[in-house]
Amino acid sequence: MPAPARNHTASQAGRPAPGGKVVTLSTKAAPRLRLRQITAAAASNVVPPLVVLVIILTVWQVLCSSPDASLPSPHRVWQESFDLIAYPFFNYGSQDIGLGWRVLISLQRVAYGFGLAAVSGVVIGAVIGQSVWAMRGLEPIFQVLRTVPPLAWLPLSLAAFQDSNPSAIFVIFITSIWPVIINTAVGVRNIPQDYRNVAKVLRLNQFEFFFKIMLPSAAPYIFTGLRIGVGLSWLAIVAAEMLTGGVGIGFFIWDAWNSSRLPDIIVALAYIGVVGFALDKLVSAVGKIITRG
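Everything in this summary refers to the structure shown in the same document. Just so it is clear, the model here is predicted, and its values are computed rather than measured.

Take the nonpolar core next. Leu99, Met214, Leu226, Trp234, Ile237 and Ile249 are the most contacted members of the largest nonpolar core, which totals 55 residues. Those elements that place two or more of their residues in this core are helix 5 (99–130), helix 6 (132–145), helix 8 (164–189), helix 10 (206–244), helix 11 (249–258) and helix 12 (262–291). Here the element with the most residues in this core is helix 10; it accounts for 14 residues. In contact with Leu99, other than residues within four places in its own chain, are Leu84, Pro88, Ile249, Phe252, Val267, Ala268 and Tyr271.

In this section: the side chain of Ser233. With respect to the helices, strands and loops of the structure, Ser233 is situated in helix 10. When residues no more than four places from it in sequence are discounted, the contact partners of Ser233 are Val110, Phe114, Ile172 and Ser176.

Pairs may arise between side chains of opposite charge once their charged atoms sit close together. Counted by the stated rule, this structure contains five salt bridges. As a salt-bridge pair, Arg109 and Glu241 come within 2.8 Å of each other at their nearest N and O atoms. With a gap of 132 residues between them, Arg109 in helix 5 and Glu241 in helix 10 connect regions that are remote in the sequence. Between Arg227 and Asp280 there is a salt bridge whose closest N-O contact spans 2.7 Å. One end of the pair, Arg227, is in helix 10; the other, Asp280, is in helix 12, and 53 residues separate them in sequence. Residues joined in a network through salt bridges with shared partners are Asp255, Arg261 and Asp264.

Another point: helix 12. If you check helix 12, its first and last C-alpha atoms are 44 Å apart, about what 30 residues at 1.5 Å a residue would give, namely 44 Å. Of all the residues in helix 12, the buried ones are Pro263, Asp264, Ile265, Val267, Ala268, Tyr271, Ile272, Val275, Leu279, Val283, Ser284 and Gly287. If you follow the buried residues of helix 12, they end up packed against helix 3 (74–80), helix 4 (82–86), helix 5, helix 10 and helix 11. Trailing helix 12 by a residue or two, Arg292 shows a phi angle of about 60°, which is positive.

Reading the values: rules and limits
- Residue positions are counted from 1 within each chain, in the order its sequence is given.
- Given that the model is predicted, a residue must reach a pLDDT of at least 70 before its local features are reported, and side-chain atom pairs must reach 80 or more before they are shown or counted; all residues, however, enter totals for whole chains, interfaces and linings.
- With hydrogens and water excluded, all non-hydrogen atoms of the structure serve as input to the side-chain values.
- Only buried residues count toward a nonpolar core, which is a set of Ala, Val, Leu, Ile, Met, Phe, Trp, Tyr and Cys residues joined through side-chain atoms within 4.5 Å.
- Residue exposure (1.4 Å probe, protein chains only): buried if accessible area is under 20% of the type maximum, exposed if over 50%, otherwise partly exposed.
- The helix count covers DSSP runs of H or I at least four residues long, the strand count covers runs of E at least two residues long, and both are numbered beginning at the N terminus.
- Any two residues whose heavy atoms approach within 4.5 Å are treated as being in contact.
- One speaks of a salt bridge when a side-chain nitrogen belonging to Lys or Arg is within 4 Å of a carboxyl oxygen belonging to Asp or Glu.
- Residue count minus one, scaled by 1.5 Å, sets the expected span of a helix.

As structure tokens, then:
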């Protein structure tokens, strides 16, 4: 095609059609679309649990609304335990404190016991995963000890420590360490052989191999064990505090039972469930950050 014809065609292509309108793309379209996607994702995650919760509360209200019901209805729980729900951090004395303070005291014990279990479990699990003889000698013993209920360790811990606080921490430790050990050992055994060969070529020592090869490769398994362990820790502290006393959430439930305050027990159970859910999501989020999803 001759050059003048090409220029004429190009000039016509750059002009708007006769009678047409020039449409400009708005820069606000993309943020609005992203906001809609975020809102839709949040609604899909929040609305279904809320619907199920409303159904459960409705059925509970219908079944327990009669005066002869053995359990309090949601309306009665709201009326009789409103202070515990609305004011979780009141403090009127050593034992007259809100459930928020009691949960924090229990979480402090969980932090000590679970922290020790996490560090010890990763180290012991790495040794078992690396050594065949350690695996054959220790794994059967660990498999037996992990089936012992948490409260079965409490009398021995009380006899050994002569104090309720370290006894409760020991119960948390001995309850939550087993899934960390087992999952870490499985993760270490599943390290690809190519990674081990690269470590030999680079002549990495044991510490370098542990931090640069072993931990990154076994991290998904380790955090699976940590998620199981933190859940067991929260279960163990509530059970231990029922028997050892103190001001934790477990002792509050036992004291409310002795005082026939069933609405307070239901509110405390809700606190326990929400905190346990938050702990699981926290460990899961840390695991996703460290393992990059």
